[in-house]
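# Coordinate inspection notes
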Amino acid sequence: MAAGVAAWLPFARAAAIGWMPVANLPMPVAPTNKNKHQDELIILNVSGRRFQTWRNTLDRYPDTLLGSSEKEFFFNEETREYFFDRDPDLFRSILNFYRTGKLHYPRYECISAYDEELAFFGIIPEIISDCCYEEYKDRKRENIERLMDDLEDNKDSKLPNMTFRETMWRAFENPHTSTMALVFYYVTGFFIAISVITNVVETVPCGSMPNQRDIPCGERYTEAFFCMDTACVMIFTVEYLMRLFAAPSRYRFMRSVMSIIDVVAILPYYIGLVMTNNEDVSGAFVTLRVFRVFRIFKFSRHSQGLRILGYTLKSCASELGFLLFSLTMAIIIFATVMFYAEKGSSSSKFTSIPASFWYTIVTMTTLGYGDMVPKTIAGKIFGSICSLSGVLVIALPVPVIVSNFSRIYHQNQRADKRRAQKVQKARLARMRISKSGSSNAFVHSKRNGLNQSLELTLPYYKMKLSPQGSLEEDQQLKKTTSLLESQHHHLLHCLEKTTNHEFVDERLYEQGYLQTALQNFPSQSPSLSSEEGITGTCCSRRTKKNMQPLSATHTHTHNLQELSALHIQCGEQQPLNTSRSSLNLMSDESGSLNCKSSGLVTTAIISIPTPPSNNSRASPDAPPPPNPDAPPLPNPGTDVVKISAL
Amino acid sequence: MSGCARRCKHGLVKFALSVSKLVTGTLIKDRVDDDLELSVVCHRPEGLEQLEAQTNFNKKELQVLYRGFKNECPSGVVNEETFKQIYSQFFPHGDASTYAHYLFNAFDSSHSGSIKFEDFVTALSILLRGTTTEKLEWTFNLYDINKDGYITKEEMTDIVKAIYDMMGRFTYPAMKTDTPKQHVDAFFQKMDKNRDGVVTLDEFIFSCQEDENIMRSLQLFENVI
């Protein structure tokens, strides 16, 4: 029950009067407010700032510090107030939680300070209301990530007992762990740079021989360039082989992007070595040299930013795909239009639709080389529409990509969506547990036999119980429920009485019905259990009599079902002997009960109707005969109580 | 010619309107919603002395009641939705909305669709501090769904079904489909003295006064506040 509506409990209880005429069973006694103090103001002094509230407000959440008796530890006798040596600003949110039932997270507060306050006052953070929950979770996640990063930075102390291979791998992955690694890191970086520059300079026209045209440097200083290339490739090969050796999982290493780039970077050289200077293949060979430019990608091992760029492009694949698709569509449309518009004019460069593609692309990206221009009026109009729409189509997906990059760059991209789902599931699970805790609280308190001591129409029983039972009852009351809870439980108990059914745990409900098939019972008399279940009042007696002959046979299986359900549940509850004994106190069998007998006793009790004023046996076909284990069956004076469903 | 010009102007105006709607979007609609929001009812109850005279509560009790009432319904009235929500929170196992609906109609004596604090407190005064006859009258009024002075079997079945709905699914013994009906039959057998198929107020009061259980349970909630 959300304690925010605790103030309406009196109303709900008053409305229960509407059930009274319909109920067949007597109602349980209402819990009394023993210390019937008028609702009083209590003063909470938090580091000098005084907060005042009604005592009832705090009692709404009995499982927190302020709602339970734990606050008595902080009671100051001289000043008659509760003193807490905590932050008064944060206390505001906590007190508002009691007042309104909603916990808010103030944005300007530090997340760990807030968490500490919540933990101190016994409030779980999952009940932060939805308006502030996302903010809270984001801040918390950021904090954790930052802490983890700090941890990782400190984790680089060398662990003992690392094999040579592991040391090498760590050296490759984190260059700043040792001097050797750092040296290696810089040397490879240097050689990558050398190699790239070499490739570039190779094609620059060097100074020429006087009677020849300019030749590129590569052809002039062939040996020098060849030596440089060889050196670089050797370094790269050695590096690749060393990484391959050190990798913990060679297969995974070989599949990774970086290693593929490495391979592609050095392969052309070896292919070139192998191939001869054949004319046919030299064309292909030249193409292969293009792949040498992939060496520049090796720099991404050295630069975090490059890696993030790669991640971004990968994660924005859908936006990029959309961009490409929309561009393609637009290009085709406009190219077609331009082609047909320019068809008429002579000497037009728009010879075919594919030829118009070039114009469209250049126009849409606002490059405008001017090598192809429309000459007709229609062509010019469509050309201008083309360039306007080009701006739109390209400008739209780009900001998304940009924001993605910035987000990833700032947050060190993780699989955000997957984690959010897991977190959401965990949060819901925790909230469900705490909510079901309150709805199960009633069933649990029944299990503890609390409610049964509050039976209404049992003066004799109460007299008998009072010497020994009341002590237990008082202890249990003190231990478990607050007044609010006991009143709420009383209300639910009245509902049970009205409808003649009981609340059970979902678990038990299913168990009871799953195992019916497995159990056999010695057949009790068909009259044993009632037609529907527990009926036992004077009023239903008449109906029971009427319906007995009719439903004798078909309720037989029903009885078995219910009996076996009872038996099963009884069997499971054996350890709770003390509560059982208190339950069955009145059937003259105190102390440890044999489970079977208690099970049977309960069934017997079920069918005996109650009020002592009525004549003794409910109906002539009442149960005692099949019940050999419980000889001193309740005589009319002792009535029964309700049977716990457990 | 003039007709053509008129049509042109008309078309132009429509075009201008659609362009302006394109530009302003749904801003106009939002403004209308804002106006609606402001016209929400806000009600203040009569004075404390008047309520004290009209009901059986003293000032302190009225204060406590009003604080709780105002906390959940800051606007001063409860509408049916809120009522159902509040009531359902006390019965998490099952579905309390049907019974809450009948309760709402019983509380809302003026049939205005919302419960003000006066209605609330008047009903509570009867239920908690009234005489037995008054309580039974109120209960009769609750059961009599169409307020015609008779409780028919159908009305009673509806009420009983609503009560059983509050129990939810996981009960022991399991709920059967004709449990409410049997319950209603038992009830009618007890209440309907002249066997005419309906229960009148007098029959109801008379039968309830005969039954000790009911009399005793009516006194159950005396000390609720």
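All values derive from a computational prediction rather than experimental measurement.

Next up on the list: the interface of chain A and chain B. Between chain A and chain B, the contact holds 64 residues from the first and 61 residues from the second. Each partner contributes to the roughly 5800 Å² buried at the junction of chain A and chain B, and carbon and sulfur atoms together form 69% of this total. Counting across the chain A and chain B interface gives zero salt bridges. The tally of links from chain A across to chain B stands at three residue pairs in polar contact (both at pLDDT 80 or more). When residues of the side of chain A that touches chain B are traced back to their parent elements, those giving at least two are helix 1 (9–15), helix 20 (483–499), strand 5 (502–503), helix 21 (506–514), helix 22 (538–551) and helix 23 (554–572) of chain A. If one sorts the elements of the side of chain A that touches chain B by residue count, helix 20 of chain A sits on top with nine residues. Its residues placed into classes, the side of chain A that touches chain B shows 37 nonpolar, 16 polar and 11 charged. Sheet analysis places strand 5 of chain A next to strand 4 (residues 171–172) of chain B, joined by two bridges and oriented antiparallel. Counted as the bridge partner of glutamate 502 of chain A is tyrosine 172 of chain B from strand 4 of chain B.

Our focus in this paragraph is the nonpolar core. Core analysis: the biggest nonpolar cluster contains 74 residues, and Trp19 of chain A together with Tyr87, Phe91, Phe107 and Phe120 of chain B have the highest contact counts within it. By size, the runner-up hydrophobic cluster in this structure holds 27 residues, among which are Leu90, Leu118, Phe121 and Ile128 of chain A.

Let's shift gears to unusual backbone geometry. Here serine 47 of chain A, not a glycine, exhibits a phi torsion of approximately 50°, which is positive. The topology assignment puts serine 47 of chain A in the loop between strand 1 (41–46) and strand 2 (49–54). Look at lysine 147 of chain B: it is not a glycine, yet its phi comes out positive at around 55°. With respect to the helices, strands and loops of the structure, lysine 147 of chain B is situated in the loop between helix 8 (132–143) and strand 3 (150–152).

Moving on to the environment of isoleucine 271 of chain A. Residue and element names in this part refer to chain A. For isoleucine 271, the position within the fold is in helix 11 (residues 257–274). A relative accessible area of 30% places isoleucine 271 in the partly exposed class. Along the chain, isoleucine 271 and leucine 288 lie 17 residues apart, while their C-alpha atoms are 8.6 Å from each other.

Residue and element names in this part refer to chain B. If you walk through the whole model with that rule in mind, you get 25 salt bridges over all chains. We note a salt bridge from lysine 181 to aspartate 185, for which the minimum N-O separation is 3.3 Å. A residue pair is termed a helical-turn pair when its members lie 3 or 4 positions apart in one helix, as lysine 181 and aspartate 185 do in helix 10 (residues 179–191) at four residues. Relative accessible area serves as the criterion here: at 26%, aspartate 185 is assigned to the partly exposed category. The partner of lysine 193 in a salt bridge is glutamate 210, with the nearest N and O atoms 3.2 Å apart. Within this pair, whereas lysine 193 is found in the loop between helix 10 and strand 5 (198–200), its partner glutamate 210 is found in helix 11 (residues 201–210), the two being separated by 17 residues in sequence. When its relative accessible area of 38% is taken as the criterion, lysine 193 is described as partly exposed.

What follows deals with the side chain of glutamate 202 of chain A. All names here are of chain A. Assignment of secondary structure puts glutamate 202 in the loop between helix 7 (179–201) and helix 8 (217–220). Relative accessible area serves as the criterion here: at 12%, glutamate 202 is assigned to the buried category. Ignoring anything within four residues of it in the chain, the contact list for glutamate 202 reads Pro216, Cys217, Gly218, Phe225, Arg289 and Arg292.

Residue and element names in this part refer to chain A. Note on placement: tyrosine 185 falls in helix 7. Sequence separation of tyrosine 185 and alanine 171 is 14 residues, and the distance between their C-alpha atoms is 9.1 Å. Apart from the residues within four sequence positions on either side, tyrosine 185 is in contact with Pro175, Arg301 and His302.

Residues and elements named next belong to chain B. Over its 14 residues, helix 4 (residues 59–72) runs 20 Å from end to end, which matches the ideal 20 Å to within 8%, given 1.5 Å per residue. Three or more residues of helix 4 are buried, namely Glu61, Leu62, Leu65, Gly68 and Phe69. Considered in projection along helix 4, the buried side chains sweep an arc of 130° and stay on one side of the axis. Buried residues along helix 4 sit in contact with helix 3 (48–54), strand 1 (77–79), strand 2 (114–116) and helix 7 (117–129).

So, on to the sheet that holds strand 1 of chain A. Residues and elements named next belong to chain A. Sheet architecture is open: four strands sit in the order 2-1-4-3, paired in mixed fashion. Among the strands making up the open sheet, the edge pair consists of strand 2 and strand 3 (75–76). Sheet topology note: the strand 3/strand 4 (residues 81–84) ladder contains two bridges and is antiparallel. Its bridge partner lying in strand 4, asparagine 76 is registered against glutamate 81.

All names here are of chain A. Two strands pair when backbone bridges link them, and strand 1 and strand 4 are joined in this way by three bridges, in the parallel orientation. Within the sheet, the bridge partner assigned to leucine 44 lies in strand 4 and is tyrosine 82. A loop of four residues connects strand 3 with strand 4, the two strands running antiparallel in sequence, and arginine 80 in this loop sits at a positive phi of about 55°.

A few words on the UniProt feature "domain: EF-hand" (unreviewed entry) in chain B. All names here are of chain B. In this structure's numbering, the residues bearing the UniProt feature "domain: EF-hand" (unreviewed entry) are residues 95–130, 131–166 and 179–214. Between the first and last C-alpha atoms of residues 95–130 the distance is 29 Å; the span itself is 67% helix and 8% strand. Taken end to end, residues 179–214 is 72% helix and 8% strand, and its first and last C-alpha atoms sit 21 Å apart.

Another aspect to go through is the confidence of the model for chain B. Predicted confidence across chain B gives a mean pLDDT of 82, with 89% of residues reaching 70 or more. As a predicted assembly, this complex carries a pTM of 0.48 together with an ipTM value of 0.74.

Let us look at the confidence of the model for chain A. Residues and elements named next belong to chain A. Averaged over all residues, the pLDDT of chain A equals 71, while 63% of them reach at least 70. Taking the mean pLDDT of every element in chain A, the minimum, 37, falls on helix 25 (residues 595–607) and the maximum, 93, on helix 15 (residues 353–364). Note that pLDDT drops below 50 for residues 451–480; the model gives that stretch 44 contacts with residues more than four away or on any other chain. Below a pLDDT of 50 lies the segment residues 520–646, which in the model reaches 169 contacts outside its immediate sequence neighbourhood of four places, other chains included.

Scoring rules and cut-offs
Residues numbered from 1 in each chain as written. Chains lettered and ligands numbered in written order. Predicted model: local features only at pLDDT ≥ 70, side-chain atom pairs only at ≥ 80, totals over all residues. Heavy atoms only, no water. Contact = heavy atoms within 4.5 Å. Buried area = accessible area lost by both parts, 1.4 Å probe. Salt bridge = Lys/Arg side-chain N within 4 Å of Asp/Glu carboxyl O. Polar contact = N/O pair within 3.5 Å; in protein donor to acceptor, adjacent residues only side chain to side chain. Helix = DSSP H or I, 4+ residues; strand = E, 2+ residues; numbered from the N terminus. Nonpolar A, V, L, I, M, F, W, Y, C, P; charged D, E, K, R; others polar. Pairing = 2+ DSSP bridges. Core = buried A, V, L, I, M, F, W, Y, C linked by side-chain atoms within 4.5 Å. Buried < 20%, exposed > 50% of the residue type's maximum accessible area, 1.4 Å probe, protein only. Expected span 1.5 Å × (residues − 1). Arc of directions from axis to C-beta. UniProt positions renumbered as here; feature names shortened; annotations may be inferred. pLDDT = per-residue confidence, 0-100.

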